[in-house]
Amino acid sequence: MSKIKKTNAARILDKLGIAYEIKTYEVDENDLSAVHVAETAGLDISTIFKTLVTRGDKTGILMAVINGNDEINLKHLAKASGNKSVEMIALKELLPLTGYVRGGCSPLGAKKDYPVYIDSHALNHEKISISAGMRGMQLILSPQDLIKAANATVADLV
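The rules behind each value
- Residues numbered from 1 in each chain as written.
- Predicted model: local features only at pLDDT ≥ 70, side-chain atom pairs only at ≥ 80, totals over all residues.
- Heavy atoms only, no water.
- Pairing = 2+ DSSP bridges.
- Helix = DSSP H or I, 4+ residues; strand = E, 2+ residues; numbered from the N terminus.
- Axes fitted to C-alpha atoms, helices over the stretch in contact; angles between N-to-C directions.
- Core = buried A, V, L, I, M, F, W, Y, C linked by side-chain atoms within 4.5 Å.
- Buried < 20%, exposed > 50% of the residue type's maximum accessible area, 1.4 Å probe, protein only.
- Contact = heavy atoms within 4.5 Å.
- Salt bridge = Lys/Arg side-chain N within 4 Å of Asp/Glu carboxyl O.

Please explain the sheet that holds strand β2 (residues 49-56) as it appears in this structure.
Sheets are built from strands paired through backbone hydrogen bonds, the pairs being either parallel or antiparallel. Spatially, the five strands line up as an open sheet ordered β4-β2-β3-β5-β8, and their pairing is mixed. In this open sheet, the two edge strands, each paired with only one partner strand, are β4 (86-88) and β8 (153-155). Pairwise comparison of adjacent strand axes, ignoring direction, gives a mean angle of 35° for this sheet.

So, in structure tokens, the structure goes:
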């Protein structure tokens, strides 16, 4: 078995002494959806949380962590983050802003410490799965540990 390369997100959890599990899966470049990740990695879609990168009119870049099956409510995120409006960033901005690619964006270990907002539904689960910061790898951890590691705010985002 080959040794799994640790990502910045995993190293942050290690440094904080937070327990997690790494789950790898086969990447399909044509389908980077959370549903596909769930099927390929053998995970329940309700526990997979995707990271969306947005821009608030007052605060600038924000990260929102929501269930893989859900659509973000940008008005809810704006209200939670103290913005009048929030919009999704353009895909071409993702790598320069975060250091991550689509399908491999983690709320931990981005180029800068952006504010992170986690949907309150995450608290319904004992463990959730987030991107480890690269395609083909998920981190499984408790939502409380993610909130602590990302210094995140919990809000209703969907």
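When you look at the nonpolar core in this model, what are you seeing that I'm missing?
Among soluble globular proteins, nonpolar side chains are generally buried collectively. Leu-108, Ile-118, Ile-130 and Leu-146 are the most contacted members of the largest nonpolar core, which has 31 residues in total. Among the secondary structure elements, those contributing two or more residues to this core are α1 (8-16), β2, β3 (60-67), α4 (91-98), β5 (116-119), β6 (128-131), β7 (137-141) and α5 (143-150). Ranked by residue count, the leading element in this core is α5, at four residues. Ignoring any residue separated from it by four or fewer positions in sequence, one finds Ile-130 in contact with Phe-49, Val-65, Ser-106, Pro-107, Leu-108, Met-137, Gln-138, Leu-139, Leu-141 and Leu-146. Core analysis: the next-biggest nonpolar cluster, separate from the first, contains 11 residues, Leu-62, Ala-64, Tyr-117 and Ala-155 among them.

For this particular structure, what's the right way to read the pattern of salt bridges?
A side chain of one charge can pair with a side chain of the opposite charge if their charged atoms are brought near each other. For the coordinates displayed, the defined rule picks out three salt bridges. Note that Lys-6 is salt-bridged to Asp-14, the shortest N-O span being 2.7 Å. Classification of Asp-14 by relative accessible area gives partly exposed; the value is 38%. With a closest N to O distance of 2.5 Å, Arg-135 and Glu-29 form a salt bridge. Here Glu-29 lies in the loop between β1 (21-24) and α2 (34-41) and Arg-135 lies in the loop between β6 and β7, a separation of 106 residues in the sequence. By relative accessible area, which is 24% here, Arg-135 ends up partly exposed.

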